[in-house]
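Here is what each chain is made of, one letter per residue.
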Amino acid sequence: MTTDQRVKGGIGESTIRPDGVAKLQGDFAFLNDLFAEGMLHGATLRSPYAKARIVRLDIAPALAMPGVHAVLTHDDVPGDKTFGLVDADQPVLAHEITNYWGEPVAIVAADDPETARRAVAAIDVEFEELEPLIDSEEAVAAGEVFREMDLRSGDQELRGEVVVEGYYETAMQDQAPLGTEAGLAIPDGEGGVDLYAPTQWVHADHEQILPCLGLEPDQLRVHPGGLGGAFGSREDISLQIHACLLALRTGRPVKFHYDRGESFIGHVHRHPSRMWYRHEADAEGNLVRVEAKLILDGGAYASTTGPVLANATYFAVGPYKVPSVAIHGFGTRTNNPPCGAMRGFGAVQSCFGSEAQMDKLAAALEMDPMELRRKNMLVQGDHMPTSGQRFDRPLPTDKVIEELLAMPLPPALDSDDPRHLPGGTGLTTERSSVKRGVGYALGLKNLMFSEGFDDSTEVRMILNPAGAEIHAASVECGQGMINAMQQVGRTVLGLSHVAWVFDDTSLIGSAGSTSASRQTPMTGGAVYAACVGLRDKVLEQWDGDDLSDDGVHKDGELVATLDQVCADGPVEFLATYRHPPTSPPDENFHGDVHVDFGIAGHRAVVDVDEELGLVRVISVDTVQDVGKVLNPTSVVGQMEGGTMQGVGLAVMEEIVLRDGKMLNANFTDYLLPTFLDAPTVDMVLLEEEGGFGPFGAKGIAESPTISSTPAIVAAIRNATGKPLTRVPVRPEDIVGL
Amino acid sequence: MDLSLKINGEDRHASVTGSESLLTVLREYLALPGSKPACEQGECGSCTVILDGEAVCSCLVMAADAEGSVVTTVEGLSDESSLHPVQEAMLEAGGVQCGFCTPGFVVAAAHLFEENPSPSSDEIREELSGNICRCTGYGAILRGLEALAEENA
Amino acid sequence: MQATLPRDLDEALQALDADPSAKLLAGGTDLMVEVNLGGYRPDSVVALRRVEALREFDAKRIGSGATYRRLEQGPHKALAELRRTVGSPQIRNAGTIGGNLGTASPAGDALPFLAALDAEIELASVAGTRTMRWDEFITGVKKNACQPNEIITAAILPEDVPDRQAFAKIGVRNAMVISTVSACLFRAEDGTTTIALGSVAPTPLRPRRAEAMISAEAHPSEAARAEFARLVSEEVMPITDHRSTEAYRRHASGVLARRLLERCL
C-alpha cells in the first residue's frame, strides 16, 4: 500500500468520509427525509395473488374520500405502459392480469400517508385468482425463459476417470438495505418534473421513466438522493414512475416511502437457483470436463435476468482450467417475485455449486481440496474455459491460494461464554457439543458491464479559487465512492480542496450504475481523466509545470494564484471515460465478453452444534486482488460488509415463498446477521498491477460476497460430514431431518 | 391529544390524533428526522432513542404514551462544535457507510457507554445486537467502540 | 384516539371499566407492530407504563409491568436466562411479562418458565381480583381468558421454586430472534421434574409422561436421560411454518430437554 505524500487527503490515506459527521449526527438527508411544501403522499394498491385477473377496479370510492387528490390506474399512464432496465416488459400499473404477488395495480396521492393508505383500501377491486407458474423447472419445460445459454467449449467427447455429480440450490436473498425505497417528485409548473429517486443509476431511470410519462427529455430531471444502501436493489424502477405520474396529475409534489414489507416486494431480489453439476477429472486430479444445468428463476418480469444468467453461466466452473465444458443456463419467467441485481450478480449462485463440486471431487480423488484447486487454477495468459477469453491482465489465483493457506487460524474454542458458542445467548449449547470445521472457496467474477455494453462515465471538473469540484451523476450508495473520488482528484490535481457535486440528468451525461464493481474504475477513470485534462489546460494556459493550493508554478516559482487562474470564471474540463470495449458473445457464447476480472478466496472457520444444527461462524478470512488500495478503511469496510452478506446467505437469509407469496417480508422473519453473528474477517489485500482504474485500482465490492458463502458451507460440511447442498443451511439440514 | 415532552433538554409540544409512534412524532411533527424508520417492528434499532433513561425503539413507543417523558435523540448527543465520543470513535474507525443504521447505533452505544464506560468486546456485541447494520459487517463499529472502551479504561 | 395514562391500578381499572373496548398498552412491542405494519388503529388505549405497582416483582410475584430489563436482577436463574433472549436490549427495556401473557403467542419467551412452575395468573377488574392457573389462562394461539374489563396484574409463582432450573431457546441466529423451540426445566431435590416447551404447540406444552418418567429417576442414567428426550419429542405437537419444520422442532425439543435436565442434575 502506498500513500501519496504530495498532498494531504490523496490516495492511499484513510481519509474521513465527507458525509460521516452528518450521518453520525442524524443530519444527513436520506430520500425519506425529503420534504417539499404542499407535498402529497403516495400509496400503492398491490395484487394479493401470485397470478390473478383483475375482474373489477373501481377507483371512485377512493377518489371520493376527503384529502385524496388522485387515484391512477393503467389507463392513466400517458405514454408507454411498460418499463424495464433491459427489456421494457413490466407494466407501470397492471392491466387485466397481475403476474406476481405485490404487483402494483393502482396508485393514490393524498394529503397524508394515513389517508393515502385508507384510500388504497377503499379502492373497489376484485381479483380472480389464477393458477400461478411458480416452479422454475416447469417454466423451463414450458419454454417460459427470458434467456437460455447453451454454452459448449472444447472437445465434447472428453471424459474423465473420476466423476462427481451434485445438485445444489440457493434461495432467494434480499438485499435488505436499511433504508427502504423513498422518493419525491416535484412538478416544475411547466409540465415537467424533478424526481429525487431511490436509484443506483439516474440516467437509466430517466431513460425508463421518460417514455411512460410521454414527456420531452429535458422535461424530466432525475436527481441522485440519499440512499440507505442498495446492493443491487435500486438498479430497477420501483416508485419512480408512480411518483412522477401523481405529481404531474396533481400539480403538487408527491412523496412515496415504502415500509419494510412494501420494500421487500417493491424491489428485485437475488435469483434463487437450481444447479445440476457433473465434474470429471483424470486420476491425477486434472479437470477434464464440467457439465452443468443452471436454472435461475427471474420471476415475473425480466429485469436483469439475462446478464445475471450470463454471469452464472460464464463463471459456472470457477477459476479453473477445464478443457471440455457444457453449461446449459436458463433464466426463467414465473409468477414469483421479480429478481434482478444483487451484489455478486449471478456469480454467487454458480460459485456455490462449483466450489462444492471441487470439494467433492477432491474427496473422490483423496486429494487436499486446495491442492486440487491449485492444480487446476487459471492465471494470467490462460483462457476462460467457458467464453474462451484470454486473461490478459494479472490473475493472481496462485497468490490468493498461497496467502489464504498462510493465514493463521483462529484459536481453538476455549470459552463457555454463550456469546462465543452456537446458539448464542439462547444458551442452547455447551462447549462439549461443539465441533469445529474449516472450509475454503475461491471466486471469480467479471468487473463492470460485459457482452459489448458501451459503458461510459462523464465527469466535469471545475476549478475555482477555493479549489476543485467534481461534477458527476454517479450515485453514492454508502460504500464511500465520493471519498475515494476526492482522493483521486486531490492526488491528480495536487490540490487539497476537492469537493463533490451531484449533477442531475439534465446537467451531465451518464455515470452508469453504481453496481457491478464499476464506479471505482469508471467514475474513477473519468475523474482521473478530467483532472489530468483540467491540470494540463491550466498549466498550458499559464505555461506552468505544477499546480498546488496556492496556484500555478513554474520551476518552483508561483506564476499565477488560483484567483488569477479563475479571473474570468471557473475553469472546466469535461471527460468521458470508457473502459476497453467488450464484444457480444457469438452464437456459442464465446468471445471477449468481459473487460476485467476479480479474484478472491475465503477461508471460513465455524463451530457447529451438530445435534441441534446450530452454527456460529467464527472467522471468514479472505485474500483478494484489489489492484490498488485507494482508501484502506473503505476497502476493509467493503470486504467485511460484503463478506457478512455471504454469511447471511450461508446460514440464515432466505425469502420463504409459498405459492409465489412471501411468508417473511419483514425483519422479524427475514433474518439478517446481528453483531453476535458477525465473524472476524482478517484479510490480505493483493495489489497486482494491471487494473485500469485510477492508479491501478479495481472494483472490489462484489468478490467478498461470492466465495464467502461456499467457504462457510464447506466449513460446516467439514465439521459435520453432511452434504449440505442448499443455502441457507438450515438447522434441520445439519441435523439431517 | 396534546403532548408535552422534554426532548434533548427542550420542552416540546406536539398534537397526536391517533396511535402513531414516537418515531413518527419525532420525524414528522417535530422536525427531528435523525431517528430512522427501517423496519418499524423493533427488529433493527435504527430508531433507538433514550426514553426516561432507557434505550428503546421509538417505533414501538405509542407517542400518546410518551406524554411527560424525557427523550434523547441522536440530535441531542452532539452540537456543531463537538461530536459525542461514540460518534468520534465510529467516524475514525470507518463505522459509517450508508448511514441509515448509524443514528440508532450512536444512541444505543452512547447509552451503553454511559452505563458502562469501558465495556468488553462481548458486552459491546451483545448490547448492540439489537442494531442491524447491513453495510459494515460490524467490524469497523466494533474497532471504534473497542478503542473508546480502551481509552475509558 | 383516546389515551388514558393512569398512575395507579385503581385509576387504570376504572378507565377500563368505563370503556371496556379500550386496548391495554404495556411495552408496546407487540401492539405497535400491529399499528405500524398491520393497519391496526385502536379507538382508545389505557397505557399501563406509569402504574408502578405493576412493575414490582419478587421471588413469588412478578408484576405484569416488570420489564425484561428489570428482571435482569431477577429472583430466579431461569428467568434471568430467558430474559436475556427476549428480542433485543431495546425490546427488553420496554417489553413486559404481562405483555407476553396478554399476547399469548406460542413463542412467548417467558411462558415456558411460567408453565413449568404452574404459575397462577392474577387478573384484576373493578369487581376485584381473580387468579387462574396458566393453562386456564392461555387458551390458544394468541388467545387468553382475560376479559375486556380486566388487567393482567401479576404472575404468581409457587412457594417452593426449585433452585435447579434452566432455560434455553433455539433461534436461527445468535441474537434477536423468535424462538423455533424454547424450554424451561425445574428439578426439585426429590427429583420431581417439570418442563415446559414453547413454539411446539398452540400453547406452552408440558410433556406430562416425560415429566413423570424422569421424576421417578433419582439419578437418571444416560439411558434414562435419552428416554426423557424421546418422550418429550413424542409429546410435543409442533407444526411446520416459515421458521422451522415439525420434524426439527420435535427433534430439538428432545435435545433441549435432555440438555436442560443435565444442567440441573
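Up top you'll find the structure we're talking about.
This section reports on the structure supplied with the text. Since the model is a prediction, treat every value here as computed from it, not as a measurement. (Residues numbered from 1 in each chain as written. Chains lettered and ligands numbered in written order. Predicted model: local features only at pLDDT ≥ 70, side-chain atom pairs only at ≥ 80, totals over all residues.)

1. Points about the overall build of chain B
1) Next: Of the regular secondary structure elements, chain B holds 5 helices and 5 strands.
2) Next: Along chain B, helices (α) and strands (β) appear in the sequence β-β-α-β-β-β-α-α-α-α when read from the amino end.
3) Next: Here the C-alpha radius of gyration of chain B, 15 Å, is about what a compact globule of 153 residues would show, namely 15 Å.
4) Next: Taken along the three principal axes of its C-alpha coordinates, chain B extends 45 × 30 × 25 Å.
5) Next: Expressed as a percentage of the 153 residues in chain B, the buried residues total 71%.
6) Next: Residue pairs in contact within chain B that sit at least 24 positions apart in sequence constitute 60% of those at least 6 positions apart. (Helix = DSSP H or I, 4+ residues; strand = E, 2+ residues; numbered from the N terminus. Rg over C-alpha atoms; globule rule 2.2 N^0.38 Å. Buried ≥ 20, exposed ≤ 12 C-beta atoms within 10 Å, placed from the backbone. Contact = placed C-beta atoms within 7 Å.)

2. Side note on the overall build of chain C
1) Next: When its secondary structure is counted, chain C shows 11 helices and 12 strands.
2) Next: For a compact globule of 265 residues, the expected C-alpha radius of gyration is about 18 Å, and chain C comes in at 18 Å, within 12% of that figure.
3) Next: Taking the principal axes of the C-alpha coordinates as reference, chain C spans close to 60 × 40 × 30 Å.
4) Next: The 265 residues of chain C split such that 58% are buried.
5) Next: Partitioning the intrachain contacts of chain C with sequence separation of at least 6 by distance along the chain shows that 62% fall at a separation of at least 24.

3. A short note on the sheet that holds strand E14 (residues 254-257) of chain A
In a beta sheet, neighbouring strands pair by backbone hydrogen bonds and run either parallel or antiparallel.
Residues and elements named next belong to chain A.
1) Next: An order of E3-E7-E1-E14-E11-E12-E13 is seen for the 7 strands of this open sheet, with the pairing classed as mixed. Both outer strands of the open sheet, strand E3 (68-72) and strand E13 (220-224), are each paired with one neighbouring strand and no more. The average angle at which neighbouring strand axes cross in this sheet is 20°, direction not considered.
2) Next: Direction of pairing for E3 relative to strand E7 (residues 104-110): antiparallel, over a ladder of 4 bridges. Paired with Val68 across the bridge in E7 is Ala110.
3) Next: Most of the contacts of helix H5 (residues 202-213) go to E13, to which it runs at about 150°, and overall it touches strand E12 (193-197) and E13.
4) Next: Docked against the sheet, helix H6 (residues 240-250) engages strand E1 (40-46), E3, E7, strand E11 (182-187), E12 and E14, running at close to 30° with respect to E11. (Pairing = 2+ DSSP bridges. Axes fitted to C-alpha atoms, helices over the stretch in contact; angles between N-to-C directions.)

4. Some points on helix H10 (residues 369-376) of chain A
Turn by turn, an α-helix covers 3.6 residues, leaving residues three or four places apart pointing in a common direction.
Residue and element names in this part refer to chain A.
1) Next: Taken as a whole, H10 has its buried residues at Pro369, Met370, Leu372, Arg373 and Asn376. Down the axis, H10 shows its buried residues gathered within 155° of arc, on one side only.
2) Next: Where the residues of H10 are buried, they touch strand E16 (287-297), helix H9 (347-365), helix H11 (397-406) and strand E18 (434-447). (Arc of directions from axis to C-beta.)

5. Structural notes on the pairing of strand E10 (residues 162-170) of chain A
Residue and element names in this part refer to chain A.
1) Next: Pairing geometry for E10 and strand E15 (residues 273-281), over 9 bridges, is antiparallel. Within E15, the position partnered with Glu165 by the bridge is Arg278.
2) Next: Bridging between E10 and strand E31 (residues 726-727) involves 2 bridges; their strand directions are parallel. Across the sheet, residue Thr170 finds its bridge partner in E31, namely Val727.

6. Description of the pairing of E18(A)
Residues and elements named next belong to chain A.
1) Next: Of all 14 residues in E18, 11 are buried, a share of seventy percent or more.
2) Next: Strand direction decides the pairing type here: E18 and strand E26 (residues 596-609), joined by 14 bridges, are antiparallel. Its bridge partner being in E26, Gly437 is matched across the sheet by Val606.

7. Digging into the interface of chain B and chain C
1) Next: Counting residues at the interface gives 25 residues for chain B, matched by 26 residues for chain C.
2) Next: Considering each element in turn, the side of chain B that touches chain C owes the most residues, 4 residues, to strand E4 (residues 54-57) of chain B.
3) Next: When its residues are assigned to classes, the side of chain B that touches chain C shows 9 nonpolar, 10 polar and 6 charged. (Nonpolar A, V, L, I, M, F, W, Y, C, P; charged D, E, K, R; others polar.)

8. Overview of the environment of A:Arg603
Residue and element names in this part refer to chain A.
1) Next: You can see Arg603 is positioned in strand E26.
2) Next: Along the sequence, Arg603 and Ala441 sit 162 residues apart, while their C-alpha atoms lie 6.7 Å from each other.
3) Next: With residues up to four places along the chain from it excluded, the contact list for Arg603 reads Leu404, Met407, Val438, Tyr440, Asp621 and Ala711.

9. A closer look at the nonpolar core
1) Next: Counting 384 residues, the largest nonpolar core has A:Val108, A:Cys244, A:Val606, A:Ile712 and C:Ala257 as its most contacted members.
2) Next: If we ignore the near neighbours within four places in the chain, the residues touching A:Ile712 are A:Gly439, A:Ala604, A:Val606, A:Val617, A:Val620, A:Val647, A:Ala650 and A:Val651. (Core = buried A, V, L, I, M, F, W, Y, C linked by C-beta atoms within 7 Å.)

10. Details of the sheet that holds strand E11 (residues 181-187) of chain C
Residue and element names in this part refer to chain C.
1) Next: The antiparallel open sheet is built from 3 strands, whose spatial order is E10-E11-E12. At either end of the open sheet lies a strand with only one pairing partner, and these are strand E10 (164-170) and strand E12 (193-198). The average angle at which neighbouring strand axes cross in this sheet is 10°, direction not considered.
2) Next: Relative to E12, E11 is paired through 6 bridges, and the arrangement is antiparallel. Paired with Phe186 across the bridge in E12 is Thr194.
3) Next: Lying on the sheet, helix H11 (residues 246-263) is in contact with E10, E11 and E12; it crosses E11 at an angle near 30°.

11. Here's the deal with the interface of chain A and chain B
1) Next: Taken together, the 46 residues of chain A in the interface contact 39 residues of chain B.
2) Next: Sorting elements by how many residues they give to the side of chain A that touches chain B places helix H15 (residues 632-651) of chain A first, with 7 residues.
3) Next: A per-class count over the side of chain A that touches chain B returns 17 nonpolar, 20 polar and 9 charged.

12. Describing the packing of H15(A) against helix H17 (residues 708-720) of chain A
All names here are of chain A.
1) Next: Across the interface, H15 lies against H17 with an axial gap of 8 Å and an inter-helix angle of 50°. Here H15 lies oblique to H17, going by the angle between them. Crossing angle aside, the handedness with which H15 passes H17 is right-handed. Contacts between H15 and H17 pair Thr643, Gly646, Val647, Leu649, Ala650 and Val651 from the former with Ser708, Thr709, Ile712 and Val713 from the latter. (Parallel < 35°, antiparallel > 145°, perpendicular 65-115°, else oblique. Left-handed = near helix turned anticlockwise from the far one by under 90°.)

13. Digging into H17(A)
Residues and elements named next belong to chain A.
1) Next: Between its first and last C-alpha, H17 extends 19 Å over 13 residues, near the 18 Å set by a 1.5 Å rise per residue.
2) Next: Burial analysis of H17 places 13 of its 13 residues in the buried class, which makes it a mostly covered element.
3) Next: Downstream of H17 by a residue or two, Gly721 has a phi angle that is positive, lying close to 75°. (Expected span 1.5 Å × (residues − 1).)

14. Comments concerning unusual backbone geometry
1) Next: Between A:Val727 and the following residue, A:Pro728, the backbone shows a cis peptide bond with an omega angle of -5°.
2) Next: Tracing the backbone shows A:Pro728 in the loop between E31 and helix H18 (731-735).
3) Next: The backbone of A:Leu427 shows a phi angle near 60°, a positive value even though the residue is not glycine.
4) Next: The topology assignment puts A:Leu427 in the loop between H11 and E18.
5) Next: Even without a glycine there, the phi angle at B:Asp52 is positive, about 45°.
6) Next: By the secondary structure assignment, B:Asp52 is in the loop between strand E3 (48-51) and E4.
7) Next: Taking the C-beta count within 10 Å as the criterion, B:Asp52 has 14 such neighbours and is therefore assigned partly exposed.

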